[in-house]
Amino acid sequence: MIRAAAISTALLIALVLALPGTASPGGASAAAALGASGAREALEAARQQQRNARARAERLEQRANRLQESAGKAQSEAAALAARVQQSEAAIAASEAELALLNIQKQNLDRQLSRKREPLMRLTAALQTMARRPLALAALQPGSLEDLVHTRAALSAAIPIVKERTSGLRSELDLARDVEMRQLQTLESLRAAESSLDSRRRNMLALAEKERLQAQRAAGGASREAERALFLAEEARDLDSLVGDLEAAAAMRSRLAALPGPVLRPGSAPASSPIAAATPRPLPRSTAAPDRYILPVGGRVVTGFGDPDASGERSSGLAMAARPRAQVVAPGEGRVVFAGPYRGFGAIAIIEHANGWTSLITGMSRVSVAVGQSVTAGSPLGQAGPAGSQVALEVRRDGEPVNPLDLLR
């Protein structure tokens with residue numbers, strides 16, 4: 001019996017020592033670590049976009065409250081609503097990234113707990129076997145009291161080790177419960193952001209359509225400029241030539257605007273007239289970039305300025321992976337010189353800025369602006385396409401491509 005007690009004691013100690021200690025974070029697989037790193041980057045980017053959109057919306061709302069002119073007030077209100085839409089989109093992206101992180105964390109915890117399940121089950125079975133005989137029966141059997149003494153001694157020695165070795169397990173179980181609670185909270189935040197997005201998007205679309213109709217009425221309906229833009233789109237060989245033609249037309253408008261007004265006919269000889277003798281001086285042309293410039297859509301930049309494509313040709317702009325139906329806004333203050341579908345590029349918008357700068361936005365599913373409409377940085381332009389679509393931005397200065405990231409304010 002003493003030998004059996006010794007064997008039972010040795011078996012119990014072996015089972016206790018087989019219990020794993022506190023798990024280290026390095027136990028996660030490389031693939032999970034890589035996924036967590038990408039999710040953290042996406043979370044930080046989404047939160048930054050959310051902060052930027054919130055700050056822009058607050059600034060535009062304050063501006064709208066200060067303005068008395070109806071046109072400028074409506075423009076600022078539409079831009080503020082578009083910023084709120086992008087804020088909700090960024091909040092959804094942040095919630096999705098946080099959920100991805102929590103899921104990775106929970107999967108790692110599940111793997112760690114499963115590794116510890118087997119020795120715990122063996123220990124539990126051994127303890128149940130030892131506790132199977134009641135104390136009264138042990139007292140009537142020869143040698144049983146000695147077994148009981150040895151078993152109690154083994155348990156007294158093993159319990160501190162069990163507590164030490166399972167402390168990490170208890171912490172992980174608490175962490176797993178905390179992860180589940182955070183998942184529920186993040187899901188609630190996601191649903192709230194989606195509800196807010198739907199409401200803001202409806203309000204913004206209505207306000208943007210109202211502004212577009214007002215711009216069309218101010219231009220006399222289907223203006224000659226819009227017809228001219230459509231004609232150029234049909235005749236252009238490619239998108240570059242269309243932008244070039246529109247830039248040439250903009251330069252012509254600038255030159256015509258700089259010409260002096262009509263000279264009054266003098267009452268005496270022309271030589272004695274100071275008006276006739278005056279020679280107009282051309283004003284020096286500024287080269288300043290748009291005062292405030294932003295990216296037209298929230299999302300990850302998948303193609304940078306100058307990156308080579310599959311054929312080796314360098315990119316002349318940026319391409320951004322946008323959320324489905326994401327809000328697209330004007331990157332800077334200016335005037336819409338083209339808005340509509342263009343072959344192979346989806347719905348596009350071309351904005352003429354001051355001082356010879358031009359922005360080209362492609363890859364939209366629809367546009368909500370009209371040719372001739374004035375926009376500010378953040379004014380709603382349209383919506384991105386379905387899942388997997390990209391919105392591209394090109395900036396040119398007198399026809400030469402410029403890195404849009406150099407203009408961000």
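Residues numbered from 1 in each chain as written. Predicted model: local features only at pLDDT ≥ 70, side-chain atom pairs only at ≥ 80, totals over all residues. Heavy atoms only, no water.

Colleague: How would you explain the packing of aromatic side chains if you had to name every residue and give the values?
Modeller: Each aromatic ring pair is described using two quantities: the centre-to-centre distance and the angle formed by the ring planes. In total, this model carries 1 aromatic pair according to the counting rule given. A ring pair is formed by tyrosine 342 and phenylalanine 345, whose centres lie 6.2 Å apart and whose planes are at 35°; its orientation type is tilted. (Phe/Tyr/Trp six-rings, centres within 6.5 Å; stacked < 30°, edge-to-face > 60°.)

Colleague: Account for the pattern of salt bridges, naming residues and giving values.
Modeller: Going through the model one piece at a time under the given rule, you end up with 10 salt bridges. Of the charged contacts in the structure, one is a salt bridge between glutamate 44 and arginine 51, with a shortest N-O distance of 3.3 Å. Taking relative accessible area as the criterion, arginine 51 reaches 38% and is therefore assigned partly exposed. Among the salt bridges present, the one from aspartate 178 reaches arginine 182, with a minimum N-O distance of 3.9 Å. Of this pair, aspartate 178 and arginine 182 both sit in helix α5 (residues 144–218), 4 residues apart, which is roughly one turn of the helix. Of the residues examined, aspartate 178 reaches a relative accessible area of 35% and is grouped as partly exposed. For arginine 182, a relative accessible area of 32% puts it in the partly exposed group. (Salt bridge = Lys/Arg side-chain N within 4 Å of Asp/Glu carboxyl O. Buried < 20%, exposed > 50% of the residue type's maximum accessible area, 1.4 Å probe, protein only. Helix = DSSP H or I, 4+ residues; strand = E, 2+ residues; numbered from the N terminus.)

Colleague: So what about the side chain of glutamine 86? Which residues, and what values?
Modeller: Here glutamine 86 lies in helix α3 (residues 70–130). In this structure, glutamine 86 is in contact with Ala53, Arg56, Pro296, Val297, Gly298, Gln327 and Val329, ignoring residues within four places of it in sequence. (Contact = heavy atoms within 4.5 Å.)

Colleague: Outline a nonpolar patch on the surface, listing residues and values.
Modeller: On the surface, a nonpolar cluster with roughly 270 Å² of combined accessible area is contributed by Met181, Leu184 and Leu187. With respect to the helices and strands, leucine 184 occurs in helix α5. (Patch = residues over 30% accessible without salt bridge, like charges linked within 9 Å, V, L, I, M, F, W, Y side chains within 5 Å. Areas by Shrake-Rupley, 256 points an atom, 1.4 Å probe, with all protein chains shown as cover.)

Colleague: How would you sum up the layout of surface pockets? Please name residues and give values.
Modeller: Leftover empty space is mapped by rolling, across the atoms, a probe with the size of a water molecule. A volume near 880 Å³ is recorded for the largest pocket. Broken down by element, the residue count for the lining of the largest pocket peaks at 11 residues, all from helix α2 (residues 30–66). (1 Å grid on protein atoms, 1.4 Å probe; cavity = no way out; pocket = protein on both sides within 12 Å on 5 of 7 lines; lining within 4 Å. Points joined across faces, edges and corners; volume = space filled by probe spheres on them.)

Colleague: Account for the pairing of strand β2 (residues 318–322), with residues named and values stated.
Modeller: The element β2 is largely enclosed, with a buried count of 4 among its 5 residues. Bridging between strand β1 (residues 299–303) and β2 involves 4 bridges; their strand directions are antiparallel. Its bridge partner being in β2, arginine 300 is matched across the sheet by alanine 321. As judged from the 4 bridges shared by β2 and strand β9 (residues 390–397), these two strands associate in the antiparallel manner. Bridge pairing in β9 places alanine 321 opposite glutamine 390. (Pairing = 2+ DSSP bridges.)

Colleague: Describe the environment of alanine 233, and please don't skip the residues or the numbers.
Modeller: Tracing the chain through its elements places alanine 233 in helix α6 (residues 224–235). Residues alanine 233 and aspartate 245, 12 residues apart in the sequence, show an inter-C-alpha distance of 9.3 Å. The contacts of alanine 233, once residues within four sequence positions are left out, are Leu242, Phe338, Tyr342 and Arg343.

Colleague: Quick rundown of the pairing of strand β8 (residues 380–384)? Include the residues and the values.
Modeller: With 5 of 5 residues buried, β8 lies mostly within the body of the structure. Pairing of strand β3 (residues 327–329) with β8 involves 3 bridges; the strand directions are antiparallel. Note that in β8 the partner of valine 328 across the bridge is glycine 382. Examined bridge by bridge, strand β6 (residues 357–367) and β8 share 3 bridges and lie antiparallel to one another. What sits directly across from methionine 364, in β8, is alanine 384.

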